[in-house]
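In case you want the letters, here they are:
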Amino acid sequence: MDNIAGTKSSLTWAVHISVVILVALWLFPTLGLLVSSFRTSDQIATSGWWNATFPSTQNLTLRTEPPKSQIEREGEFIIEGNLFGSAGSSQIQVYGIASNALGAYQVGETAPLRNGGTITVLANGDYQMKNSEAFKGKRGQRVFVTAETPPKFTLENYRNVLFDPANSEGMAKAFFNTLTVTIPATIIPILVAAFAAYALAWMEFPGRALLIAMIVGLLVVPLQLALIPLLKFHNFVGIGKGYFGVWLAHTGFGLPLAIYLLRNYMVGLPRDIIENAKVDGASDFQIFVKIILPLSFPALASFAIFQFLWTWNDLLVALVFLIDATGETTVMTKQIVELLGTRGGNWEILATSAFVSISVPLLVFFAMQKYLVRGLLAGSVK
Amino acid sequence: MKTLISAAALALALSVNPVKAQAPLPFAPGTGDFNWQSYEALKTTQLNGEQVTVFGPWLGPDQKVVESVLAYFAKATGADVKYVGSDSFEQQILIDAEAGSAPNVSVFPQPGLAADMAKRGFLSPLSTETADWVRTNYAAGQSWVDLGTYANQNGKKELYGFFFKVDVKSLVWYVPENFEDAGYEVPESMEDLKTLTDQIVADGGTPWCIGLGSGGATGWPATDWVEDMMLRTQPAAVYDDWVANRIPFDDPRVVAAIEEFGAFARNNAYVAGGAGTVASTDFRDSPKGLFSSPPQCYMHKQASFIPAFFPEGTSVGEDADFFYFPAYSGKKLGSPVLGAGTVFAITKESKGARALMEFLKSPIAHEVWMAQQGFLTPHKGVNTKLYATDTLRAMGDILLKATTFRFDGSDLMPGGVGAGSFWTGMVDYAGGKPAKQVAQEIQNSWDALK
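Just so we're clear, the structure is a prediction, and the values are computed from it rather than from any experiment.

**Student:** What is the right way to look at a nonpolar patch on the surface in this model?
**Tutor:** All names here are of chain A. A cluster of nonpolar side chains, contributed by V216, L218, L219, V220, V221, L225, L257, Y260 and F306, occupies part of the molecular surface with about 770 Å² of accessible area. Secondary structure elements with two or more residues in the nonpolar patch: α5 (208–218) and α7 (243–267). Within the secondary structure, L219 is located in the loop between α5 and α6 (227–237). Judged by relative accessible area, L219 falls into the partly exposed class, the value being 34%.

Here's what the structure looks like:
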């Protein structure tokens, strides 16, 4: 018996370790996305999100005030100001005035400028440019500084996605459109699948096993296969692109999994109860409504979560069956893709939108999560 | 209960379909140096609320500009114009056309795709007057007609595509102040450019930022390099033969052009991060090296759209500028320019679609976009003073000064090559495969498509 006890403990270890690894695998990128959503695009491009919370030593290119702001004092032309705009918490260590000679001068030292005059930069960013003649040109002098900068986060991305007048109207519209797609597209397949699952689990008729096998077989058919034929069919029968079409499509694509999941759960319900009810004279419909449905609630809820998440995050089916050439029926995912711009690459918007879009599914998940695990195990434990 | 449901449905319907305000007109009719006669002339066509749907590749800020241009058409004719953009235009237009729910007008980013659609009978031909109009009113008009003429399903060649909005690709971007700091001059010839490249290395700097990464389209920036090199090492006729596969892809002249690109991209000292990072660096992040401190590189070759990916607050023309990717002075091939453009085509016949194509011919359509951002046009009848920035005007000049203008070859090749094996082949080449072998493989994939 020793070896059994030993096996058990080492297995527990393995389970714990793999759980930790899996959780880390999922959480790590999510955390990165969350941190990135509070950073500017330039920050994202220049440093990793894991550096975001530490003060960093950065090489910055800053610019003095343009020559037009110079003042004449005792025969000298002077431009003064702060490189950061105002003295902040950044501390300059060294500076330079040419891109190929960074850090040529210590703070407080005076550097000669190429076009005449001198510049002195202090640690807090204050500078003074002096020249015996007037400074010329349109733009200020570039100053390259190496500075210790405290971590900085911004809410700008969220403001952009949610409250920017240019897209907040579209976002609000897309939010309601998405709900209009998602709620019926979740309820309809559950209704149909529950009836079908009961029939396949408890009603005797010829060819039942074959029917179940076919439905399980449908699980492996990729939905991309059906896009064009189905859209052609919708146009043929006159539904066209629209809400009704997308509900039907989501229902069709969701049914095999729904039926399979619910049937496996219902088949596991105790046979005695159902037979007792039959003896007492209950019809199939009464059994279904009064006994099966209440008992199957966990399975129904868990499938509802699946279907809701899938339809909420869906872009492909919506693009094909819903969004017509007028663009009135846009959904959240489509709206987010639009925010990315013609050539993509706006990572800060992507990260932010992901968290905006994830908020509703998260709510749904936490509201119904206690059913999820029970439903997932549906049919697997007798 | 019933009234509650219907009330809820009504509330939902109201919240779902707010009446979409027409995009505002950025320039009030009658003001500025615009060609307002052409705008007034549009009013002779009255469409009275007829819906015209337009589907294109532009999103985000570009979409706002397109909508503002279309708003003039809507205002003048009374049509209800809807524009929808998509980042997966190429796939979606096929699905919609196949299923019969295509928009009235589609904007193709690649003529190759439009030709494909024409062949399958999804496009409506434009009138012969339009062909004549393009011939006389566009600079190098005949070449634009040729680029928009495709064979339909019966093999008959007709004009289907109308070019509107052009990009120049033969540009090298740099930071003028960095050049000043190091004492470099803008090179006038390819020989000078190579000398400058070596000079920068000798001074301890890195001359180039090159990035080929672009998600599923990784490799396309390299195709632009190779095409530009083809135009700079061979006469334009050879380029045309190459694009049409009249000479094989592994012809020594093509292999030589690929190796010209390799001379820059496969030299560890020439490329920021080393040659090994070329294929994995995203083309959108690649130009940022120009602006880092210290600068990771001094030059970046990319089309006219790239300023959209410069760091925030970069002022083009001051913080960053461009010069023409020069030609060899020793080869006497003139100054060739590589470009690209978007093609408008009718995917669902209607009176409004025809009227919209007419609108695109009017100078006002070009001028309104020019005066906003990122728009170049070969239209000879527009007021070039209206270009929003000097930068755009200078790009326009490059177009006008070109002795040879050629369209992006990869956009003209069959999709399987121009948007497939050519891209992946270039990634392999950047990764160290011999040019000869890569060219051979691309030719094989082309043969397989025939």
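Once you've had a look at it, read on.
**Student:** Please clarify how the sheet that holds strand β8 (residues 126–131) of chain A should be interpreted in this entry.
**Tutor:** Two pairing modes exist for strands in a sheet, parallel and antiparallel, and in both the strands are linked by backbone hydrogen bonds. All names here are of chain A. Spatially, the five strands line up as an open sheet ordered β2-β3-β8-β7-β6, and their pairing is antiparallel. Of all the strands in the sheet, just β2 (71–73) and β6 (110–112) have a single pairing partner and so form its edges. Going from strand to strand, the sheet's axes swing by 30° on average, the running direction of each strand aside. As paired strands, strand β3 (residues 76–82) and β8 are joined by six bridges and run antiparallel to one another. In the sheet register, E80 faces β8, and the bridge partner there is Q128.

**Student:** I'm lost on the layout of surface pockets in this one. Help?
**Tutor:** To find leftover empty space, a probe the size of one water molecule is rolled over the atoms. Put simply, the second largest pocket is a space of about 660 Å³. Around the second largest pocket, the lining comprises 29 residues; the ones closest to its centre are A:N115, A:K136, A:R139, A:G140 and A:Q141. Put simply, the parts of the chain that give the lining of the second largest pocket at least two residues each are β8 of chain A together with α8 (176–182) of chain B. If one sorts the elements of the lining of the second largest pocket by residue count, α8(B) sits on top with four residues. Split into classes, the residues belonging to the lining of the second largest pocket amount to 10 nonpolar, seven polar and 12 charged.

**Student:** I would appreciate a short explanation of the environment of B:V69 in the present structure.
**Tutor:** Considering the arrangement of structural elements, one finds B:V69 in helix α3 (residues 60–77). Ignoring anything within four residues of it in the chain, the contact list for B:V69 reads B:F359, B:A365, B:V368, B:W369 and B:Q372.

**Student:** Is there a simple way to explain the pairing of β3(A) in this structure?
**Tutor:** Looking along a regular strand, one sees side chains alternate from face to face of the sheet. Residue and element names in this part refer to chain A. For β2 and β3, the ladder comprises three bridges, and the chain directions are antiparallel. Across the sheet, the residue bridging to E72 is F77, located in β3. Turn length for the β2-β3 hairpin, with the two strands adjacent in sequence and antiparallel, is two residues, and the turn residue E74 shows positive phi of about 45°.

**Student:** Honestly, the pattern of salt bridges in this entry has me stumped. Any pointers?
**Tutor:** Any two side chains of opposite charge can pair, given that their charged atoms come close. The final tally for this structure, using the stated rule, is 33 salt bridges over all chains. B:D181 is the partner of A:R114 in a salt bridge, and the nearest nitrogen-oxygen pair spans 2.9 Å. In this pair, A:R114 sits in the loop between β6 and β7 (118–121) while B:D181 sits in helix α8, so the two residues belong to two different chains. By relative accessible area, which is 15% here, B:D181 ends up buried. One salt bridge connects B:E318 with A:K138, and the closest N-O pair in it is separated by 3.1 Å. Highlighted residues: B:E318 in the loop between β8 (299–301) and β9 (321–324) and A:K138 in the loop between β8 and β9 (142–149), drawn from two different chains. Overlapping salt bridges bring together A:R63, A:R114, A:K138, A:R139, A:R142, B:E177, B:E180, B:D181, B:E318 and B:D319 as one network.

The rules we used
Within any chain, residue numbers begin from 1 and follow the written order of that chain's sequence. The naming scheme follows written order: chains are lettered A onward, ligands numbered 1 onward. Owing to the predicted nature of the model, reporting of local features is limited to residues with pLDDT of at least 70; listing and counting of side-chain atom pairs is limited to 80 or more, with chain, interface and lining totals taken over all residues. Excluded from the side-chain calculation are hydrogens and water; included are all heavy atoms of the structure. Surface patches are drawn from residues lacking salt bridges whose relative accessible area is over 30%; two like charges belong together within 9 Å, two nonpolar side chains (Val, Leu, Ile, Met, Phe, Trp, Tyr) within 5 Å. In this description, accessible areas are obtained by the Shrake-Rupley approach with a 1.4 Å probe, and a residue is regarded as covered only by the protein chains that are shown. Salt bridges are identified by distance alone: a Lys or Arg side-chain nitrogen within 4 Å of an Asp or Glu carboxyl oxygen. Think of it this way: any DSSP run of H or I at least four residues long counts as a helix, any run of E at least two long counts as a strand, and we number them from the N terminus. Note on classification: 1.4 Å probe, protein chains only; a residue is buried when its accessible area is under 20% of the maximum for its type, exposed when over 50%, partly exposed between these limits. Two strands pair under a simple rule: DSSP has to find at least two bridges between them. Only the contacting stretch of a helix is used when fitting its axis, a line to C-alpha atoms as for every element, and angles between N-to-C directions run 0 to 180 degrees. A pocket, in this scheme, is an open set of points on a 1 Å grid over the protein atoms alone with protein on both sides within 12 Å along at least 5 of 7 lines, while a cavity is a set where a 1.4 Å probe fits but cannot get out; residues line either one if an atom lies within 4 Å of a point. Grid points are joined across faces, edges and corners, and a volume is the space filled by probe spheres set on the points. Note on residue categories: nonpolar means Ala, Val, Leu, Ile, Met, Phe, Trp, Tyr, Cys or Pro, charged means Asp, Glu, Lys or Arg, and polar means any other residue, Gly included. Residues are treated as being in contact if the distance between any of their heavy atoms lies within 4.5 Å.

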